[in-house]
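One letter stands for each residue in the lines below.
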Amino acid sequence: MKLSPRAPAYAGLLGLATGLAIGTAWSSPGARLGLPTVEELRPSLAVDPLERLGRAEMALAAERARASLEAGRPWAAWGLLRGFVDEADEAPAAVALLAARAAAGWGGWSQVDRLLAGRP
């Protein structure tokens, strides 16, 4: 079956007419009253999603620091992790150990002691 050359023009006009009909129907006030407003929508998450952003950032920094250590750049690795291990007690053990290895690589023995104190 061969379509006429005017078929795309007719399809375009049909689409335009349908869009105008829908737009006209939705412009009536009654059509919009049934829709929920933004104030009525509540998030269903029990946890703040931005809270996890810090952990993702720490994981990314740890992965970059590991690559820096493997490349023989302990000072660069330390720079990536320093902000996450300022409070040594709050840093996860794996991140603290990685930061201690980075500090040992550049001779920061006081940092190593601080990071590993009280850890198994």
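Residues numbered from 1 in each chain as written. Predicted model: local features only at pLDDT ≥ 70, side-chain atom pairs only at ≥ 80, totals over all residues. Heavy atoms only, no water.

Caption draft 1: Up close: the environment of Leu80. Within the secondary structure layout, Leu80 lies in helix α4 (residues 74–81). Spatially, the C-alpha atoms of Leu80 and Arg66 are 9.8 Å apart, while their sequence positions differ by 14 residues. (Helix = DSSP H or I, 4+ residues; strand = E, 2+ residues; numbered from the N terminus.)

Caption draft 2: Region of the structure containing a nonpolar patch on the surface. Taken together, the side chains of Tyr10, Leu13, Leu16 and Leu20 make up a nonpolar region of the molecular surface, amounting to roughly 460 Å² of accessible area. When you line up the elements, Leu20 lands in helix α1 (residues 7–26). (Patch = residues over 30% accessible without salt bridge, like charges linked within 9 Å, V, L, I, M, F, W, Y side chains within 5 Å. Areas by Shrake-Rupley, 256 points an atom, 1.4 Å probe, with all protein chains shown as cover. Salt bridge = Lys/Arg side-chain N within 4 Å of Asp/Glu carboxyl O.)

Caption draft 3: A look at the packing of α4 against helix α5 (residues 93–106). Where α4 meets α5, the axes come as close as 8 Å, and the angle between the chain directions of the two elements is 145 degrees. Once α4 is placed against α5, the crossing between them reads as left-handed. Between α4, through Pro74, Trp75, Ala77, Trp78 and Leu81, and α5, the contact on the second element is made entirely by Val95, Leu98, Ala99, Ala102, Ala103, Gly105 and Trp106. Partitioned by chemical class, the residues of the contact of α4 with α5 number 11 nonpolar, 1 polar and no charged. (Axes fitted to C-alpha atoms, helices over the stretch in contact; angles between N-to-C directions. Left-handed = near helix turned anticlockwise from the far one by under 90°. Contact = heavy atoms within 4.5 Å. Nonpolar A, V, L, I, M, F, W, Y, C, P; charged D, E, K, R; others polar.)

Caption draft 4: Just the packing of α5 against helix α6 (residues 109–116), in detail. Where α5 contacts α6, the axes come no closer than 8 Å and their chain directions differ by 165 degrees. Relative to α6, α5 is oriented roughly antiparallel. Remark: the crossing between α5 and α6 carries left-handed chirality. Residues Ala96, Leu97, Ala99, Ala100, Ala103, Ala104 and Trp106 of α5 form the contact with α6, whose own contacting residues are Trp109, Gln111, Val112, Leu115 and Leu116. (Parallel < 35°, antiparallel > 145°, perpendicular 65-115°, else oblique.)

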